[in-house]
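Fold and contact review
Here's the letter readout for the chains.
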Amino acid sequence: MASSTDSSTPRGEAFVWFTGLGLIIGLGMVIGLLSLVIVNGITVFWAPQVPVAQVDDGRTLIGQLAQRRVRAGSPADKPRYELQYQVGLRELNGNSYLWVDEAKIKSESFPADVLGLERVENGPAFVRPQSLRKSDGKVIAATDAGFEDAFQAEVAAAAVVREKLIEITRHRIGDVNGEMDKARVALRRAEDLKLADEVEARRRQIAGLEERFATLQAEAKKVVEGGAVASLISKDASNREVVVPLTQVIRAWFPNRLDTWGRVKLFFSRLGEFVFDEPREANTEGGLMPAIFGTLVMTVFMSLLVTPFGVITAIYLREYAQQGAVLRIVRISVNNLAGVPSIVFGVFGLGFFVYVLGGSIDQLFFADQLKYNNNTPVFGTGGLLWCSLTLALMTLPVVIVATEEALAAVPRGMREASLATGASKWQTIRDILLPASAPGILTGVILAMARGAGEVAPLMLVGVVKLAPTLPFDGSAPFLHMDRKFMHLGFHVYDLGFQSPDSDAARPMVFATTLLLIVLVVCLNIGAIWIRNRLRARFKGASF
Amino acid sequence: MPQIMNPPSSSRIKVRPATEREGRKDYISIRDYGFWYGQKKALDAISLDIPERQVVAFIGPSGCGKSTLLRNLNRMNDLVDGVHHEGDITINGRSIYDPGLEVISLRRRVGMVFQKSNPFPKSIFENVVYALRVVGVRDRAVLEEACETSLRKAALWDEVKDRLDDSALGLSGGQMQRLCIARAIANRPEILLMDEPCSALDPIATGKIEELIHELKDQFTIVIVTHSMQQAARVSDRTAFFYLGKQIEYDTTEKIFMNPSQAQTEAYISGRFG
Ligand SMILES: Nc1ncnc2c1ncn2[C@@H]1O[C@H](COP(=O)(O)OP(=O)(O)O)[C@@H](O)[C@H]1O
Ligand SMILES: [Mg+2]
């Protein structure tokens, strides 16, 4: 080169660093967020050692360390910390959590007899057991050698009783109530239409149901009172006596005595409950099965709805529509649809799907239901169907654009070969273009699914609730209840984090729920990617 | 413009005498035909008759309109935006532009093989029987029979009979092109159009396809576009030479290669331009 200066440094080198910096910042944020969620979400289920702490002011507390943070107003060079303990026993302490100035803690010890309890009501408890009154009336002192075994055996026995009670009160009585509601509606209709026979039959049915109800209640009472319930007598940190009936105890562990294997078992037991059980205590405890199930079913339905809509639209736009200005405007509008805030889709879903469509469905098919059941809507209120439709509408542009690209990418030769054999346009699309563009279409569906599964705002308007009494899928016909309200992981995160009466107790669950939602989305995506790769393998070696 | 490549096997142009076979002399008849891509006139005043069950070769330098004319015989060029034509093309006396004639039924009677082999990403079997499926044939026995017949005619049967359910994309280039021929003849068209079917193939595969053309012309009227003079001489009964969208000369292959009446034709086949 003629220029003598600086010819060794190619121009634009700085931009390599610049783009690299962009990548690092982006990656850093993603990894940071993910590790925050993973670390916080996983450690929720791990049982650490629980100290007995003596505080300056003479108090003693037993609790699990929850957080450590710099005290507000403390100098930056000599920060002072405060600790948050989960002390449990909400009914005695008023609050499960307690902040203590770190400097005020005189001593900490980890006595082996500290016992952690997860309870059905009032959250956890950390106590020092004194004695166990077994169900046969015998009392074993905590210092006895056989105490721990006897205690765990009684906890297990009490759990069986509790399960039985839940089965009766929640499920069987629930079923009777459901039937009763239907029978009452039918009775009102029969009375109104003066169908004497039917009125009679319905009255008899209701009487029968009432009888069943009474029997079940008696049965439940027998379960409760039947076997004498064992209870644990213990002392809390300030030496108050705490008596816990063991039917209240879901899980008990000695945090300072457990070996690693014990902790791992406890971890998986809690994780299992989290994934497979129903929530308790205003959703701050227990499991998330209904929310997982709701999210899954809703996402699958959304995909099933958006795929045909999107593909058909894209086929029309790409294969049939006259290319020109109008089409360009339509395309731009479709793309802009992707930028509309999701809450707007929620409002549209509420106004159109729920009120107009759902209302009309109710008028047409559930008129009796409306008339004789205090105007209780069936489809004219939020539900699974409307949520799926709203999100399908929201993610439509993604599928349309992906399908159009995929159709355009099918080699011209394939199209011509099909037409030259005398296939019609539609046959060519169905037999050649769609199979060949299936992997590309699936990419669009994957993106739509990822967006749909994590969306919350519109769902709050069209059918997601904090606590749904029933799953959208169960044993009663027609098995899949598209009209039902359901629970959703994303909404659960919002509800726990911002609507919970005890936000300290909810905090760990927020992370765990977020982690679960991420895992669910990843699983759905992996499934779709697996299908796509299988499809792609069929086209491998195409020589176009 | 591309060099005319001599196939390694033959340095001398051999001419096959036009065999006299029964059939209509003006089976395909092109009259004063002109064709435009938008403003660009690609064909001008083409008039030629293609006899039934003969092989006609279109030759000429690249871009002279051979493909355009060929693709108009089954109206594949209708797919291009902004095209129009003048004059007329008739097949067996009936205009292909007859409003009462559906393009689809025209294409079912006129099979086509492309320059680039273009099998569908389906099994070999499904590729061959595609044209039958399109007309609604569901009977497995009929499909299998058609598949075997077509593959035998395309001289591919012995090579693939044990793997009919394998993907067609696993075949070699020459096999793929013969598969495309099998696919084009599966629903027994009357006419077979071939647009430079051997241009992407090695000499051995080319030889097989040329032999195939000999076999097939007993049953089909074949129009083949080629830029290989040797190939035109070996396979065709009649040859048309085009230049810049115009038909310069159309006659028996023997006449075109031995004694062309136009100086341009002579110059082209002797390799002085092209
Ligand atoms: N789809 C098309 N749109 C516009 N012009 C085309 C198209 N196809 C071919 N042409 C033009 O028409 C002329 C003839 O092309 P073609 O028939 O493909 O030539 P050949 O097959 O003899 O090489 C060329 O000038 C080419 O550029
Ligand atoms: Mg060409």
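Note that the structure is a prediction, hence the values are computed from the model and not measured. (Residues numbered from 1 in each chain as written. Chains lettered and ligands numbered in written order. Predicted model: local features only at pLDDT ≥ 70, side-chain atom pairs only at ≥ 80, totals over all residues. Heavy atoms only, no water.)

1. A short note on the overall build of chain A
In terms of regular secondary structure, chain A is built from 15 helices and 14 strands. A compact globule built from 544 residues would reach a C-alpha radius of gyration of about 24 Å, whereas chain A, at 31 Å, exceeds it by more than 25%. Dimensions along the principal axes, computed over C-alpha positions, put chain A at roughly 100 × 90 × 45 Å. Expressed as a percentage of the 544 residues in chain A, the buried residues total 42%. The long-range fraction of contacts in chain A, counting pairs at least 24 apart against all pairs at least 6 apart in sequence, stands at 67%. Accessible surface computed for chain A: about 28400 Å², of which carbon and sulfur atoms make up 62%. Taking the average location of the 56 positive side-chain charges in chain A and that of its 53 negative ones, the two points are 5 Å from each other. (Helix = DSSP H or I, 4+ residues; strand = E, 2+ residues; numbered from the N terminus. Rg over C-alpha atoms; globule rule 2.2 N^0.38 Å. Buried < 20%, exposed > 50% of the residue type's maximum accessible area, 1.4 Å probe, protein only. Contact = heavy atoms within 4.5 Å. Areas by Shrake-Rupley, 256 points an atom, 1.4 Å probe, with all protein chains shown as cover. Lys, Arg positive; Asp, Glu negative; His and termini not counted. Charge placed at Lys NZ, Arg CZ, Asp CG, Glu CD.)

2. Here we look at the site of ligand 1
All names here are of chain B. Around ligand 1 sit Tyr37, Lys40, Ala42, Ser62, Gly63, Cys64, Gly65, Lys66, Ser67, Thr68 and Val80, and that is every residue in its neighbourhood. Lys40 places a side-chain nitrogen or oxygen 3.0 Å from an oxygen atom of ligand 1. At 3.0 Å, a backbone N or O of Lys66 approaches an oxygen atom of ligand 1. When the free accessible area of ligand 1 is taken as 560 Å², the share hidden by the protein chains comes to 64%. Counting only elements with at least two residues in the shell around ligand 1, the list comes to strand E2 (40–50) and helix H1 (66–73). Ranked by the residues each element gives to the shell around ligand 1, the list is headed by H1, at three residues. The class makeup of the residues in the shell around ligand 1 is four nonpolar, five polar and two charged. (Near = heavy atom within 4 Å. Polar contact = N/O pair within 3.5 Å; in protein donor to acceptor, adjacent residues only side chain to side chain. Nonpolar A, V, L, I, M, F, W, Y, C, P; charged D, E, K, R; others polar.)

3. Some thoughts on the pattern of salt bridges
For the structure shown, the criterion picks out 41 salt bridges over all chains. Put simply, Arg71(B) and Glu416(A) hold a salt bridge, and the shortest N to O gap is 2.8 Å. Of this pair, Arg71(B) sits in helix H1 while Glu416(A) sits in helix H11 (residues 412–420), placing the two residues on different chains. Here Arg71(B) matches Glu416(A) in class, with each residue buried. Between Asp44(B) and Lys246(B) there is a salt bridge whose closest N-O contact spans 3.6 Å. In this pair, Asp44(B) sits in strand E2 while Lys246(B) sits in strand E10 (residues 246–252), placing the two residues 202 residues apart along the sequence. Among the residues examined, Lys246(B) registers a relative accessible area of 42% and is labelled partly exposed. (Salt bridge = Lys/Arg side-chain N within 4 Å of Asp/Glu carboxyl O.)

4. A short note on the nonpolar core
Judged by nonpolar contacts, the single largest core of 90 residues is most densely connected at Ile28(B), Ile30(B), Tyr33(B) and Phe58(B). Of all the elements, helix H10 (residues 384–408) of chain A adds the most residues to this core, at twelve residues. Those residues in contact with Tyr33(B), other than ones at most four positions away along the chain, are Leu43(B), Asp44(B), Ala45(B), Ile46(B), Leu69(B), Asn72(B), His85(B), Glu86(B), Gly87(B), Asp88(B), Ile89(B) and Tyr97(B). Among the nonpolar cores identified, the runner-up in size contains 49 residues, and Ile59(B), Leu151(B), Leu179(B) and Met229(B) belong to it. (Core = buried A, V, L, I, M, F, W, Y, C linked by side-chain atoms within 4.5 Å.)

5. A look at the confidence of the model for chain B
Residues and elements named next belong to chain B. Mean pLDDT over chain B works out to 86, with 91% of the residues at or above the 70 mark. Here residues 1–18 is modelled with pLDDT under 50, and outside its nearest four sequence neighbours on either side it reaches 34 contacts, counting other chains as well. Overall fold confidence for the complex sits at a pTM of 0.80, while the interface term, ipTM, reaches 0.87. (pLDDT = per-residue confidence, 0-100.)

6. With respect to the confidence of the model for chain A
Of all residues in chain A, 95% attain a pLDDT of 70 or more, and the chain-wide mean is 86. Looking across chain A, the model is least confident in helix H9 (residues 367–372) of chain A, with a mean pLDDT of 74, and most confident in H10(A), with 93.

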